[in-house]
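# Chains, contacts and geometry: an overview
Each chain is listed here by its residues.
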Amino acid sequence: QVQLVESGGGLVQAGGSLRLSCAASGDGFRINAMGWYRQDLGNPGKQREFVATSTSDDITNYADAVKGRFTITRDNAKNTVNLQMNRLKPEDTAVYYCRALAENSGFRYQYWGQGTQVTVSS
């Protein structure tokens, strides 16, 4: 099993910044891609959506909605990933989930963190 521990959510005014962190641990697992997804739980019709991801080769990818405002960084040695969120907007309000793709003995797995709430007030 891989455990993901997230931190850094909170309440911020529009235009402000927050930094999310996620640490992965799990004996015998190689952590490949790590990234962030989000889901607005106040909107039942809205599904969890992709935010950003970083591979073990530091190749990054962002959702169009966050490009230029969010930056994902990763420490492969520590199996941590951070999401620096700048110029936050009310529509960024959501629970943010860390996701890790891991490999063990040739098998691939997907793991999710428990989520951290980000609330942006207008």
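Look up a bit, the structure's there.
Criteria and thresholds
- Residues numbered from 1 in each chain as written.
- Predicted model: local features only at pLDDT ≥ 70, side-chain atom pairs only at ≥ 80, totals over all residues.
- Heavy atoms only, no water.
- Phe/Tyr/Trp six-rings, centres within 6.5 Å; stacked < 30°, edge-to-face > 60°.
- Helix = DSSP H or I, 4+ residues; strand = E, 2+ residues; numbered from the N terminus.
- Buried < 20%, exposed > 50% of the residue type's maximum accessible area, 1.4 Å probe, protein only.
- Lys NZ or Arg CZ within 6 Å of the ring centre and 35° of its normal.
- Disulfide = S-S within 2.5 Å.
- Core = buried A, V, L, I, M, F, W, Y, C linked by side-chain atoms within 4.5 Å.
- Contact = heavy atoms within 4.5 Å.
- Pairing = 2+ DSSP bridges.

## Let's talk about the packing of aromatic side chains
Within this structure, the stated rule accounts for five aromatic pairs. Consider the rings of Tyr 37 and Trp 112, whose centres lie 5.1 Å apart with planes at 75°: the pair is edge-to-face. Taken together, the residues Tyr 37 in strand E4 (residues 30-39) and Trp 112 in strand E10 (residues 107-112) connect sequence positions 75 residues apart. Given a relative accessible area of 16%, Tyr 37 falls into the buried group. Put simply, the rings of Phe 29, Tyr 109 and Tyr 111 pair up and form one aromatic cluster. Over the ring of Tyr 97 we find Arg 48; its NZ or CZ atom is 3.7 Å from the centre of that ring. In this structure, Arg 48 packs its charged tip against the face of Trp 112, placed 4.6 Å from the ring centre.

## A look at the state of the cysteines
Overall, the coordinates contain one disulfide when judged by the stated rule. With a sulfur-sulfur separation of 2.1 Å, Cys 22 is cross-linked through a disulfide to Cys 98. Taking the sign of the S-S torsion, -85° for the link of Cys 22 and Cys 98, the bridge is left-handed. Of this pair, Cys 22 sits in strand E3 (residues 18-25) while Cys 98 sits in strand E9 (residues 94-104); the two residues are 76 residues apart in sequence, bridging distant segments of the chain. We classify Cys 22 as buried; its relative accessible area is 2%.

## Describing the nonpolar core
In this structure, Leu 4, Met 34, Trp 36, Leu 83, Met 85 and Tyr 96 are the most contacted members of the largest nonpolar core, which totals 30 residues. If you list the elements that add at least two residues to this core, you get E3, E4, strand E5 (49-54), strand E7 (70-75), strand E8 (80-85), E9 and strand E11 (116-121). With five residues, E9 is the largest single contributor of residues to this core. Those residues in contact with Leu 83 that sit more than four places away from it in its chain are Leu 18, Arg 19, Leu 20, Trp 36, Val 51, Ala 52, Phe 70, Thr 71, Ile 72 and Tyr 96.

## Brief notes about unusual backbone geometry
Only a minority of non-glycine residues have a phi that is not negative, and only a minority of peptide bonds are not trans. The phi angle at Arg 87 is positive, at roughly 45°, despite the residue not being glycine. With respect to the helices and strands, Arg 87 occurs in the loop between E8 and E9. Located in the positive-phi region is Ser 105, a residue other than glycine, with phi close to 55°. Structurally, Ser 105 can be placed in the loop between E9 and E10.

## Describing the pairing of E8
In terms of residue burial, E8 counts as a mostly covered element, since five of its six residues are buried. By the bridge criterion, six bridges tie E3 to E8 in an arrangement that is antiparallel. Bridge pairing in E8 links Leu 20 to Leu 83. Where E7 lies against E8, six bridges are found, and the strand directions are antiparallel. Looking at the pairing, Thr 73 lines up with Asn 82 of E8. The antiparallel pairing of E7 with E8 creates a hairpin that spans four residues between the two strands, and Asn 79 there sits at a positive phi of about 55°.

Everything listed is a geometric property; what it means functionally is a separate question.
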